[in-house]
Amino acid sequence: MSMSPSRSILMVGEGNFSFSASASQLYSETETSLTATCLQHQEEALRHEGAANNIKTVKDSGGAVLFEVDCTKLGECASLQGRVFDRVVFNFPHCGRKSGVKKNRNLLKNFFLSCVQVLSEDGEVHVGLCNGQGGTPADHPQREWHNSWQVVAMAAEAQLILSEVRPFESEKYQSYKCTGYRSQDKGFHVEKGLLHVFTRSLPYTPARVLTIEEAVEGYRVQYNIPAELSHYIFRGFLCPGSIHPVRLVQDFLLKGLAEKWPVSMMTETVPLLLTTKQLQSCCDVDSAHGYWIHLLQKDLASDTHTSTDKEKDYLDSQGHTDTQDSLSAPRVTSDKVDRVRSKGAENLRSTCSLDVNPEWGSGLYMLRPTLLPQMEELLTKKEQLINNAGSHGDNKGNNTSVEVEGHKKEGPCGGCNGVTSLLFGISGVVFKNVTVNLWALPAFHELLLRGVFPLECEPSKLLGQRLETLLAPYGVSLVAEQGGLRLMAQPMGCVGKVLTNVANDNISNVGVTVSLNLDLLAVLLFSLPDWRLLWSHDPRFLQHFALHPSPGKPFHPFSLFPEHFSFDISFWTGPTWEEMKFHALIREASHGTVEQVKLIDTFSHPDLSQTSYCYRLIYHSNTHALSHTQTLQFHKDLESFLTSRLQVTIR
């Protein structure tokens, strides 16, 4: 229980005040202030053996002693009005006499709800429990959950998370004599007791519809980002200097690949939106798993002839070097910053001459499911710039160089027959409209690498082997498939691909594309329990990565043993049922806390054009406190959304 200077401690539920006396002596050389309280009247408290001497010790050490303080009503205590504490301590709580687990759970819940009223924003709540009472994996042996005090769930009711569990060090407090067992001077079994440390959780923030303005294919467009994706937009994980694990994994991979091939990361800005022509020209995209966007406004861009050099100079001055994080802020605006940041996107032109396939739906725009179309356009653009420079007699045409995070690498004009081992790279967030399950990511960061190599070099095999060397220690293996390789890992499945295609200009050359899911790789390399942690706003998450840990250092969660809650929902639908919209509403209503959705029953009415569906939803959060009460509210919100937006009838 080490304390920083000028900190304050509130101890509740004291019996004979022996713990407070020991603690006051322990902190006597510091500026820590201690307030010890008990529920009893002073006369009753003094009947405990040694209580009078212990109270005197506390007061002589500069502490305060208060009587008749109900730890479940701290906000109502007149002596505590206007005060906040950095630590609230409740050792071995008990309702008294022979009370069961339900009564003691209720005591814990009411205590937690009360203590947050006098707890500082960065304060801690310390609760000492006998081994087995807490109901967490830290107990040995662990009781059945229904037979425990469910301390994590009770704390979550007050928006507190369990941040640490450690042995209760009774030997540090030599004069401590535990009392109160069945309301007697008899003590609890503290020898294997555990100290549970709770801290505040960040509040849940509601999903919101973001209106984006950017330039796409020479047009300035406005559109809304779906509410369930608002949490994933403009987070800046890949910015220079970022310590986010997604960035650390990217740096690790690029460094490992650069030992074999030079890598040039493109710094141009690219829009979140793609046209169907762009998608069809470069990759086979499943339209059912894309986020189709209908524009709010579309106008010809007024500054499409802005030079790329000016745009790059501005972006470099702002420190932007990756595609996603150099985009404009998520709002409709016409200020200078947004105009300049969109200039790179305005210079991009589609290389596709195909008509839009009518099977792709009524929308002509989709949130990018991959960065491949934009990489193709940027590479075409670079090639045109090089060719133009050569046609104007540029004597340095064979020494073109590109900047790679501050390091110069030889450009694409060297090598045999115009072919080089240079890899071009681009990274940013991409989107996929997928159902809710443990390893389905609606948004993730893609690292895309492209290169053209002599066919006889077997570049796909070489790149795959290099990636396997880098990632095998973390459980990644290569699986051959037609046209390339898959990078597989358990339990999430595919984390990347290596694809090959014959170069258009020379059948002796082969193009290689590497697509890597940086989010899933970050989960693997840093042993994260959940990919949703990557998107946490809680500063405690990034604190773990402040010293740029190497891959392999396991992450220590700031929220331990969060509870799972299971709720069923059943409803009648009309003749058509769009399940993807259902999953989108689940993400929005639950604030992303649902991690599994399972269809457990269907029934079609023989006389009516209606079908009944019953789903089971598993709520679980490693980033926020999630209580039964909060989960129930999320579930009710989902029912309301389904009724108002999908016109279903809740059963």
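Residues numbered from 1 in each chain as written. Predicted model: local features only at pLDDT ≥ 70, side-chain atom pairs only at ≥ 80, totals over all residues. Heavy atoms only, no water.

**Q** I'd like to hear about the pattern of salt bridges, residue by residue, with values.
**A** Inspection of every chain in the model, using the stated rule, returns 16 salt bridges. In this structure, Arg247 and Asp251 form a salt bridge, with 3.1 Å as the shortest nitrogen-oxygen distance. Taken together, the positions of Arg247 and Asp251, both in helix 6 (residues 245-258) and four residues apart, correspond to about one turn of that helix. For Arg247, a relative accessible area of 5% puts it in the buried group. Residue Asp251 is classed as partly exposed on the basis of its relative accessible area, which comes to 33%. Here the salt bridges share partners, and the residues they tie into one network are Asp530, Arg532 and Glu595. (Salt bridge = Lys/Arg side-chain N within 4 Å of Asp/Glu carboxyl O. Helix = DSSP H or I, 4+ residues; strand = E, 2+ residues; numbered from the N terminus. Buried < 20%, exposed > 50% of the residue type's maximum accessible area, 1.4 Å probe, protein only.)

**Q** I'd like to hear about the packing of aromatic side chains, residue by residue, with values.
**A** All chains considered together, the criterion is met by 24 aromatic pairs. Note on Phe582 and Tyr615: the rings are 4.6 Å apart at their centroids and 45° apart in plane angle, and the pair reads as tilted. Pair noted here: Phe582 is in helix 15 (residues 579-589) and Tyr615 is in strand 25 (residues 611-619), with a separation of 33 residues, a long-range link. In terms of burial, Phe582 and Tyr615 fall into one category: buried. Through successive ring pairs, a cluster of aromatic residues spans Phe571, Trp577, Phe582, Tyr613 and Tyr615. Positioned above the aromatic ring of Tyr219 is the side chain of Lys298, whose terminal nitrogen or guanidinium carbon lies 4.3 Å from the ring centre. (Phe/Tyr/Trp six-rings, centres within 6.5 Å; stacked < 30°, edge-to-face > 60°. Lys NZ or Arg CZ within 6 Å of the ring centre and 35° of its normal.)

**Q** Explain the environment of Ser566 to me, using residue names and the numbers behind them.
**A** Examined against the element boundaries, Ser566 turns out to sit in strand 23 (residues 565-573). The exposure class assigned to Ser566 is partly exposed, which follows from its relative accessible area of 44%. A sequence separation of 51 residues divides Ser566 from Leu617, and the C-alpha atoms of the two residues are 5.7 Å apart. Once residues within four sequence positions are removed from consideration, Ser566 is found in contact with Arg616, Leu617 and Ile618. (Contact = heavy atoms within 4.5 Å.)

**Q** So what's going on with the sheet that holds strand 24 (residues 594-604)? Residues and values would help.
**A** Read from one edge to the other, the open sheet built from four strands follows the order 24-25-23-26, with strand pairing classed as antiparallel. Two strands lie at the open edges of the sheet, namely strand 24 and strand 26 (649-650), each paired on one side alone. Judged from the nine bridges that link them, strand 24 and strand 25 form a sheet pairing that is antiparallel. Of the residues in strand 25, the one forming a bridge with Asp601 is Cys614. This element, helix 15, spans strand 23, strand 24 and strand 25 of the sheet and lies at about 140° to strand 24. The strands that helix 16 (residues 628-645) touches are strand 23, strand 25 and strand 26; relative to strand 23, the one it contacts most, it runs at about 15°. (Pairing = 2+ DSSP bridges. Axes fitted to C-alpha atoms, helices over the stretch in contact; angles between N-to-C directions.)

**Q** Residues and numbers for the packing of helix 6 against helix 12 (residues 459-471), please.
**A** At a closest axis distance of 10 Å, the pairing of helix 6 and helix 12 adopts a crossing angle of 130°. Between helix 6 and helix 12, the interaxial angle falls into the category oblique. Of the two possible hands of crossing, helix 6 and helix 12 adopt the one that is right-handed. Across the interface between the two elements, Phe252, Leu253, Gly256 and Leu257 from helix 6 touch Leu463, Arg466, Leu467, Leu470 and Leu471 from helix 12. Looking at the contact of helix 6 with helix 12, its residues break down into seven nonpolar, one polar and one charged. (Parallel < 35°, antiparallel > 145°, perpendicular 65-115°, else oblique. Left-handed = near helix turned anticlockwise from the far one by under 90°. Nonpolar A, V, L, I, M, F, W, Y, C, P; charged D, E, K, R; others polar.)

**Q** Kindly report on the sheet that holds strand 1 (residues 8-12), identifying the contributing residues and their values.
**A** Strands in a sheet are paired, the pairing made by backbone hydrogen bonds, and the direction either parallel or antiparallel. The seven strands lie next to each other as 3-2-1-4-5-7-6, forming an open sheet whose pairing is mixed. Each edge of the sheet is formed by a strand with only one pairing partner; in this case those strands are strand 3 (64-66) and strand 6 (160-167). Here the average twist between neighbouring strands, direction ignored, is 20°. In terms of strand pairing, strand 5 (residues 119-129) meets strand 7 (residues 194-200) through six bridges, oriented antiparallel. By the bridge assignment, His126 is partnered in strand 7 with Val197. Packed on one face of the sheet, helix 4 (residues 101-115) meets strand 1, strand 4 (85-91), strand 5, strand 6 and strand 7 and runs near 155° to strand 5.

**Q** I'd like to hear about the packing of helix 1 (residues 18-26) against helix 3 (residues 51-60), residue by residue, with values.
**A** Put simply, helix 1 and helix 3 touch, their axes get as near as 8 Å, and they point 30° apart. With respect to helix 3, the axis of helix 1 lies roughly parallel. Between helix 1 and helix 3 the crossing geometry is left-handed. Facing helix 1, whose interface residues are Ser18, Ser20, Ala21, Ser24 and Gln25, helix 3 presents Asn54, Thr57 and Val58. Looking at side-chain class alone, the contact of helix 1 with helix 3 contains two nonpolar, six polar and no charged residues.

**Q** Quick one: what's the story with the nonpolar core, residue by residue and with numbers?
**A** If you look at the biggest cluster of nonpolar residues, it comprises 81 residues, and the most contacted ones within it are Tyr223, Ile225, Leu253, Leu367, Phe431, Val495 and Leu521. Every residue in contact with Leu253, bar those within four places of it in the chain, is listed here: Leu447, Leu467, Leu470, Leu471, Leu516, Leu518 and Leu521. (Core = buried A, V, L, I, M, F, W, Y, C linked by side-chain atoms within 4.5 Å.)

**Q** Residue-level account of helix 3, with values.
**A** For helix 3, the complete set of buried residues consists of Ala51, Asn54, Ile55 and Val58. The buried residues of helix 3 occupy an angular sector of 100° when projected down its axis, which confines them to one face. Relative to its buried face, helix 3 has exposed residues pointing more than 90 degrees away, namely Asn53, Lys56 and Asp60. (Arc of directions from axis to C-beta.)

**Q** Any details on the environment of Cys115? Residues and values, ideally.
**A** Mapping Cys115 onto the fold places it in helix 4. Taking the C-alpha atoms as reference points, Cys115 and Leu74, separated by 41 residues in sequence, lie 6.3 Å from one another. When sequence neighbours within four positions are dropped, the list of residues in contact with Cys115 reads Leu74, Val88, Val125 and Leu160.

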